[in-house]
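# Summary of the model geometry
Read off the chains here:
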Amino acid sequence: MDNLLAGVIGALLGLTGVALGGWLQRRAEHQRWLRDQKLRAAIDFIGATGAVYDRRRRLTSAGPIDTDEVTEWARAQDGRSALYLLCDEKTVVVAEALITRIRRIEPATDGSHDGEAINLLRDLVRRLRVELGAGLGK
């Protein structure tokens, strides 16, 4: 009888270990998936807003939006939507401030950069690096 009880207890402990190991593995896989999704969203958002920023700065005058800019805005919106769904609220606030600032960029005939947009981009990148576990990056 003692041998049977010891066998049942051993089997239960083994099953518990397997279940716990499976749960930990699924959790780790989910965290990797979430990080990958955040990274893709960040790349799309930053790349698209950067392209629009550069295009708007180089314009000689305010004019109609061309098809390339429409495409970049759509890409920025896709990245923005994913950031809203996946990232911390403070990161989302900075992303929103950046895209709002990019919309207001005026052509820079002297080749200067918009300091506010650059600072918002730096803040967004810093926050995303923290969320992605990539450190602070200086």
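Before reading further, recall that the structure is shown in the block above.
Heads up: these notes are all about the structure in this document. Just so it is clear, the structure is predicted and the values come from calculations on it, not from any experiment. (Residues numbered from 1 in each chain as written. Predicted model: local features only at pLDDT ≥ 70, side-chain atom pairs only at ≥ 80, totals over all residues. Heavy atoms only, no water.)

## Details of the overall build of the protein chain
- Helix and strand counts for the protein chain come out as four helices and zero strands.
- Across the protein chain, helices and strands are ordered from the amino to the carboxyl terminus as α-α-α-α.
- For 138 residues, the compact-globule estimate of 2.2 N^0.38 gives 14 Å, and the C-alpha radius of gyration of the protein chain, at 24 Å, exceeds that figure by more than 25%.
- Seen through its principal axes, the protein chain has C-alpha atoms that stretch 90 × 30 × 20 Å.
- When the 138 residues of the protein chain are sorted by exposure, 26% land in the buried category.
- For the protein chain, the proportion of contacts with a sequence separation of at least 24, taken over those separated by at least 6, is 69%.
- Of the roughly 9300 Å² of accessible surface on the protein chain, 58% is carried by carbon and sulfur atoms.
- For the protein chain, the separation between the mean place of its 21 positive charges and that of its 19 negative charges on side chains is 4 Å. (Helix = DSSP H or I, 4+ residues; strand = E, 2+ residues; numbered from the N terminus. Rg over C-alpha atoms; globule rule 2.2 N^0.38 Å. Buried < 20%, exposed > 50% of the residue type's maximum accessible area, 1.4 Å probe, protein only. Contact = heavy atoms within 4.5 Å. Areas by Shrake-Rupley, 256 points an atom, 1.4 Å probe, with all protein chains shown as cover. Lys, Arg positive; Asp, Glu negative; His and termini not counted. Charge placed at Lys NZ, Arg CZ, Asp CG, Glu CD.)

## Quick notes on the packing of helix α3 (residues 89-103) against helix α4 (residues 115-132)
- Two elements in contact, α3 and α4, have axes separated by 9 Å at closest approach and are oriented at 155 degrees. Between α3 and α4, the angle falls in the class roughly antiparallel. Of the two elements, α3 crosses α4, and the hand of that crossing is left-handed. For the pair α3 and α4, contact is made by Lys90, Thr91, Val94, Ala95, Ala97, Leu98, Arg101 and Ile102 and by Glu116, Ala117, Leu120, Leu121, Asp123, Leu124, Arg127, Leu128 and Glu131, respectively.
- Its residues placed into classes, the contact of α3 with α4 shows 10 nonpolar, one polar and six charged. (Axes fitted to C-alpha atoms, helices over the stretch in contact; angles between N-to-C directions. Parallel < 35°, antiparallel > 145°, perpendicular 65-115°, else oblique. Left-handed = near helix turned anticlockwise from the far one by under 90°. Nonpolar A, V, L, I, M, F, W, Y, C, P; charged D, E, K, R; others polar.)

## Regarding the pattern of salt bridges
- Applying the stated criterion across every chain yields a total of 10 salt bridges.
- Arg101 serves as the salt-bridge partner of Glu116, at 3.6 Å between the closest nitrogen and oxygen. Of this pair, Glu116 sits in helix α4 while Arg101 sits in helix α3, placing them 15 residues apart in sequence.
- Here the salt bridges share partners, and the residues they tie into one network are Asp44, Glu72 and Arg75. (Salt bridge = Lys/Arg side-chain N within 4 Å of Asp/Glu carboxyl O.)

## Re a nonpolar patch on the surface
- A surface patch of nonpolar side chains, about 590 Å² in accessible area, is lined by Met1, Leu4, Val8, Leu12 and Leu15.
- Tracing the chain through its elements places Met1 in the segment before α1 (2-58).
- Among the residues examined, Met1 registers a relative accessible area of 82% and is labelled exposed. (Patch = residues over 30% accessible without salt bridge, like charges linked within 9 Å, V, L, I, M, F, W, Y side chains within 5 Å.)

## What to know about the packing of α1 against α3
- As a packed pair, α1 and α3 sit with axes 10 Å apart at the nearest point and diverge in direction by 20 degrees. In terms of orientation, α1 and α3 fall into the roughly parallel class. α1 and α3 meet at a crossing whose hand is left-handed. Across the interface between the two elements, Phe45, Thr49, Val52, Tyr53 and Arg56 from α1 touch Ala95, Leu98, Ile99, Ile102 and Arg103 from α3.
- Of the residues that constitute the contact of α1 with α3, the class distribution is seven nonpolar, one polar and two charged.

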